[in-house]
Amino acid sequence: MSVDGTLKAFAARAAQSRGRFLEEPDSPPRSCFERDRDRIIHSTAFRRLKHKTQVFVYHEGDHYRTRLTHSIEVAQISRAISRALGLNEDLAEALALAHDLGHTPFGHAGENELDHLMQDFGGFDHNAQTLRIVTKLERRYALFDGLNLSWETIEGLMKHNGPVIKRPIPELIATLARERHMDLASWPSAEAQVAALSDDIAYNTHDIDDGLRAKLFDIIDLGDVPLAGDALAEVLSIYPDLERPRLIHETVRRVISWMIGDVVGETEKRIARCKPSSSDAVRALGEPLVGFSAQMNERNRVLQSFLSEHMYRHPKVQAIMARARRVVRDMFKAYMADAKLLPMGWREEGLLNDESRQARQVCDFIAGMTDRYALEQHQQLFDIDPLFR
């Protein structure tokens, strides 16, 4: 909700935002969080999500979800949960739309390969890369690099997976935390927690849909899987002769609804127990305010295990992902061997004399590629189709 007066006491309020790193005049009638959302939507990195896949590379078909459609679905779920809980929908939506900006081409295969290649140069983490994009790599505004987002949006992106306590902490995150006076060990706002849970809901439920469409597993395989099996049984009891596409959709939509209902119900119990009086009180709780019930957590864990075994580790997916990793590896090595192969806009003076700086520049370039552009660049470099050699 945009109007601060309609929010619960523990919601983030635009009027109380800690501001931007570079101070700017307000942009009425938009709140600062609405403005963040708009900047994210109009960014180059957001448009590129259209051609970045999560599990399948783009040539597999047009009906599988991309990072863009996933982000839109996460935003819808985030708004629904935030509205039910009296939280700031605009901040939750901005975080949902931005959370995947740092992902590489070819899903987790591309990320894992880049992280391996960057081990001697600080590694690669898609959450840290999202922050690089919104604070450095987007070059659209006259007065600053990045998007100059509000403190609360940066915090939510930084802590998408909760408190940042895993060592080593990426250098960029450590720097931003110092500059913006953020406690890395605390939980973020309730809106950020909603966006993170919405990511899990969208990811798991829609991978059921994509996995069934790709025939990596059959709908009968869901029978003994918590949530999915219960939803399937309910649909079949009401519509025993339903055609397959409708059967899949009716099953998935029930899983989404049940998970959203569980988050809202469990969070209301935590609110009643903890009685947070402000957004800062949420940060100081020492535990998440927003979450699944213990029962739903276990059901979700079993569902994730099923998807890992039947989808992510499926021989068909593993084969195409191995080829995708090779594409990333080939390009990285080529650009490191000769930085002049980089496009003019990606060449910097002194790059050849600083291997670490060159590696990060190459990493930024590759990470920003869409699946299709990565395949095109590989073919230009090596004059061979990377997927079928």
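This is a predicted model, so every value here is computed, not measured. (Residues numbered from 1 in each chain as written. Predicted model: local features only at pLDDT ≥ 70, side-chain atom pairs only at ≥ 80, totals over all residues. Heavy atoms only, no water.)

A complete count under the given rule lists five aromatic pairs for this structure. Relative to Tyr-373, the ring of Phe-365 lies with its centre 6.3 Å away and its plane at 85°, an arrangement referred to as edge-to-face. Residue classification places Phe-365 among the buried positions, given a relative accessible area of 5%. Among the aromatic residues, ring-to-ring pairing joins Tyr-335, Trp-346, Phe-365 and Tyr-373 into one connected group. (Phe/Tyr/Trp six-rings, centres within 6.5 Å; stacked < 30°, edge-to-face > 60°. Buried < 20%, exposed > 50% of the residue type's maximum accessible area, 1.4 Å probe, protein only.)

The next subject is the pattern of salt bridges. Proximity of charged atoms lets side chains of opposite charge pair with each other. Within this structure, the stated rule accounts for 28 salt bridges. Where Asp-100 meets Arg-67, a salt bridge forms, and the shortest distance between an N and an O atom there is 3.1 Å. In this pair, Asp-100 sits in the loop between helix H4 (89–98) and helix H5 (107–117) while Arg-67 sits in helix H3 (residues 67–85), placing the two residues 33 residues apart along the sequence. By relative accessible area, which is 3% here, Asp-100 ends up buried. Note that Asp-280 and Arg-283 form a salt bridge whose closest N and O atoms lie 2.8 Å from each other. Placement of the pair is Asp-280 and Arg-283 together in helix H12 (residues 279–283), with a separation of three residues, close to one helical turn. Its relative accessible area of 43% is what places Asp-280 among the partly exposed residues. Judged by its relative accessible area of 10%, Arg-283 falls in the buried class. When salt bridges that share partners are traced, they join Arg-30, Arg-37, Asp-38, Arg-79, Arg-83, Glu-89, Asp-90 and Glu-93 into one network. (Salt bridge = Lys/Arg side-chain N within 4 Å of Asp/Glu carboxyl O. Helix = DSSP H or I, 4+ residues; strand = E, 2+ residues; numbered from the N terminus.)

The contact between helix H9 (residues 190–213) and helix H13 (residues 294–312) brings their axes to 10 Å, and the two run at 35°. Once H9 is placed against H13, the crossing between them reads as left-handed. Between H9 and H13, the residues in contact are Tyr-203, Asn-204, Asp-207, Ile-208, Asp-210 and Gly-211 and Asn-300, Leu-303, Gln-304, Leu-307, Met-311 and Tyr-312, respectively. Here the contact of H9 with H13 is composed, by residue class, of six nonpolar, four polar and two charged. (Axes fitted to C-alpha atoms, helices over the stretch in contact; angles between N-to-C directions. Left-handed = near helix turned anticlockwise from the far one by under 90°. Contact = heavy atoms within 4.5 Å. Nonpolar A, V, L, I, M, F, W, Y, C, P; charged D, E, K, R; others polar.)

Before going further, it helps to examine the environment of Phe-10. Topologically, Phe-10 is positioned in the segment before helix H1 (32–41). Between the C-alpha atoms of Phe-10 and Gln-295, which are 285 residues apart in sequence, the distance is 26 Å. When sequence neighbours within four positions are dropped, the list of residues in contact with Phe-10 reads Leu-85, Leu-87, Ile-271, Pro-276, Ser-277, Ser-278, Ser-279, Val-282 and Leu-289.

Tracing the chain through its elements places Thr-66 in the loop between helix H2 (44–48) and H3. Put simply, Thr-66 and Asp-383 are 317 residues apart on the chain and 27 Å apart in space, counted from C-alpha to C-alpha. Those residues in contact with Thr-66, other than ones at most four positions away along the chain, are Leu-49, Lys-50, Lys-52, Thr-53 and Gln-54.

Assignment of secondary structure puts Ser-186 in the loop between helix H8 (171–179) and H9. Judged by its relative accessible area of 12%, Ser-186 falls in the buried class. C-alpha separation for the pair Ser-186 and Ile-165, spaced 21 residues apart in sequence, amounts to 9.3 Å. The contacts of Ser-186, once residues within four sequence positions are left out, are Lys-159, Pro-163 and Arg-283. Within polar-contact distance, the side chain of Ser-186 engages the backbone oxygen of Asp-183 at 3.0 Å. (Polar contact = N/O pair within 3.5 Å; in protein donor to acceptor, adjacent residues only side chain to side chain.)

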